[in-house]
Each structure stands twice: as structure tokens, then as C-alpha cells.
Amino acid sequence: MQVTAKQRALIIARVCERLATGQSLNDACAAEVKGATALKTSTFMLWVRRYGRAGGAGADGKTVEQGERSSVRKVVPFYGMRSSKCAVLGGSGDWLTLGGVGTSFSSYVRTRLIAEFDEKKGIELCYRSSSLTAWLSDDGHVMITDIDSGLRSIAEIRRAVDLAGDPQYGSGVDPDQAADNAREAFPWLPEEIVRPSA
């Protein structure tokens, strides 16, 4: 079934309203019917990335030019991550002195803040440190430090990065930078969760 720009904009608005109350993307999309089936989360994500949160429809229902498109950061798989829906929210790379007294050596360590998106659970954040020459963990040249999971808003991501501080290797990512990058990578996330009044 073909969806007009106005219909698409209304669907996006309704799903975004549900996301702002803390619903998962999976549940928010399942409540929308497109044709005879529920709206697929992949379709919704494609729409928002392609047309922005306004859905590409102006107030008169006509299609808005692509100037409102969201520019998307590359979402790529990383070793040790459970899915391919990951985005880099910032990071650092530096030469560090590792080892103990009498056995110290310098090694280049790259640390990235990774956001892994799951349609049901939300965002999981971790720092991923890697080195070609240093053994960083029991698993080898890669060390993954979990930060938080189940995050469903930009405010929650900012707060989690702020509370995490610096990882074991390298410098921590600025919370505001992480929030800006999350907003770009996952443009459907609400700024904050609005708690329904009791």
C-alpha cells in the first residue's frame, strides 16, 4: 500500500509520541497499521532517516524538500557486539604506558563509545578499547566496558555517559557530544521520557 507524505508524517508523529512515554520502538510501531500489517520498525527507521521526524510533509500536506533529512552517522558492526545496529558516539586514541614496574611499554589504544540499538530494549552503551600490540583483557586485544542499557532517550544517554566518567583506557566522551551524536545516529529517540501523570 502506498503511503502519502501526509499519512507518513502522521504515523511518524504518533510513533514518536509513544516513544516519548518510554515505549520501545518495537511496541510503538506494532500499534500502527500500514496496509493490513503492523508497521515494521525497519520501515519507520528508514522513514525518519530519510525524511526526518516531520515525515517529509509540510502543513499543507505537500512533500517537503530533502533539506529536512537527517544526516546519519555510519552504523556498523563491531567485534564483540551482539548486533550490527551500532553507532560510534565519540572516542579517543592515544599512546599509553602499560605494564608494571620494569615491564612498562607504550602502546596505541583506541577507545570508542559504542551505542548498540535494540528495537525492544533500547540503547546499550559501552566503551570499546582496542590495541594491536597490547593485551587489554582476558579476551585479548579488545576490552569492552559496559556503561548502561535500556536507554530510550537522549537525556538518559547524556546522563549515563556523564556518570560513567573515563574508561580504563583513554579519555571519556563528553556527554553533550555523545548526546549530539546519538541524536544524529538514532533520530527517532525522544529528547526525554515524559512520565504519564498518575
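To start, this report covers the structure provided alongside it. (Residues numbered from 1 in each chain as written. Predicted model: local features only at pLDDT ≥ 70, side-chain atom pairs only at ≥ 80, totals over all residues. Heavy atoms only, no water.)

### Some remarks on the side chain of Ser-153
Selection rule: A helix here means a DSSP run of H or I that spans at least four residues, while a strand means a run of E at least two residues long, and both kinds are numbered starting from the N terminus. Here's how the labels work: a residue is buried when its accessible area is under 20% of the maximum for its type, exposed when over 50%, partly exposed in between, all with a 1.4 Å probe on protein chains only. Here a polar contact is taken to be a pair of N or O atoms separated by no more than 3.5 Å, where protein atoms must pair a possible hydrogen donor with a possible acceptor and residues adjacent in sequence count only if both atoms sit in side chains. The contact criterion used throughout is that any non-hydrogen atoms of two residues lie within 4.5 Å.
As for its placement among the helices and strands, Ser-153 is situated in the loop between β6 (142-151) and α4 (154-164). For Ser-153, a relative accessible area of 1% corresponds to the buried category. A distance of 3.2 Å separates the side chain of Ser-153 from the backbone nitrogen of Glu-156, its partner in a polar contact. Apart from residues no more than four positions distant in its own chain, Ser-153 is found in contact with Pro-190, Glu-191, Glu-192 and Ile-193.

### As for the packing of aromatic side chains
To describe a pair of aromatic rings, you give the distance between the ring centres and the angle between the ring planes. As a reminder of what qualifies: Two rings from Phe, Tyr or Trp (for Trp, the six-membered ring) form a pair when their centres sit within 6.5 Å of each other. Planes less than 30 degrees apart are called stacked, planes more than 60 degrees apart edge-to-face, and all others tilted.
With the rule as written, the count across this model stands at four aromatic pairs. Here Trp-95 and Tyr-108 contribute two aromatic rings whose centre-to-centre distance is 5.7 Å and whose plane-to-plane angle is 70°, an arrangement assigned as edge-to-face. Residue Trp-95 is found in strand β3 (residues 86-98), and its partner Tyr-108 is found in strand β4 (residues 105-118); the two are separated by 13 residues along the sequence. On the basis of relative accessibility, which here comes to 38%, the residue Tyr-108 falls in the partly exposed class. Measuring from ring centre to ring centre gives 5.3 Å for Phe-117 and Trp-188, while their planes differ by 65°; the resulting arrangement is edge-to-face. Of the two residues, Phe-117 is situated in strand β4 and Trp-188 in the segment after α5 (175-185); the sequence distance between them amounts to 71 residues. You can call Phe-117 buried: its relative accessible area is 5%. Residue class for Trp-188 comes out buried when judged on its relative accessible area of 1%. Three or more aromatic residues joined by ring pairs form one cluster here, namely Phe-117, Phe-186 and Trp-188.

### Things to note about the sheet that holds β3
The line we're drawing: In short, DSSP must find at least two bridges between two strands for them to pair. In this description, a line fitted to the C-alpha atoms serves as the axis of each element, helices being fitted only across the stretch in contact, and the angle between N-to-C directions of two axes falls anywhere from 0 to 180 degrees.
Pairing is antiparallel across the open sheet formed by four strands, whose spatial order is β3-β4-β5-β6. If you trace the sheet from one side to the other, it starts and ends with β3 and β6, each paired once. Strand-to-strand twist in this sheet, taken as the mean axis angle between neighbours without regard to direction, amounts to 15°. Two elements, β3 and β4, share twelve bridges in a ladder whose sense is antiparallel. The residue bridging Cys-86 from the neighbouring strand is Glu-116, located in β4. Packed on one face of the sheet, α4 meets β3, β4, β5 (122-130) and β6 and runs near 140° to β6.

Geometric values such as these leave the question of function open.
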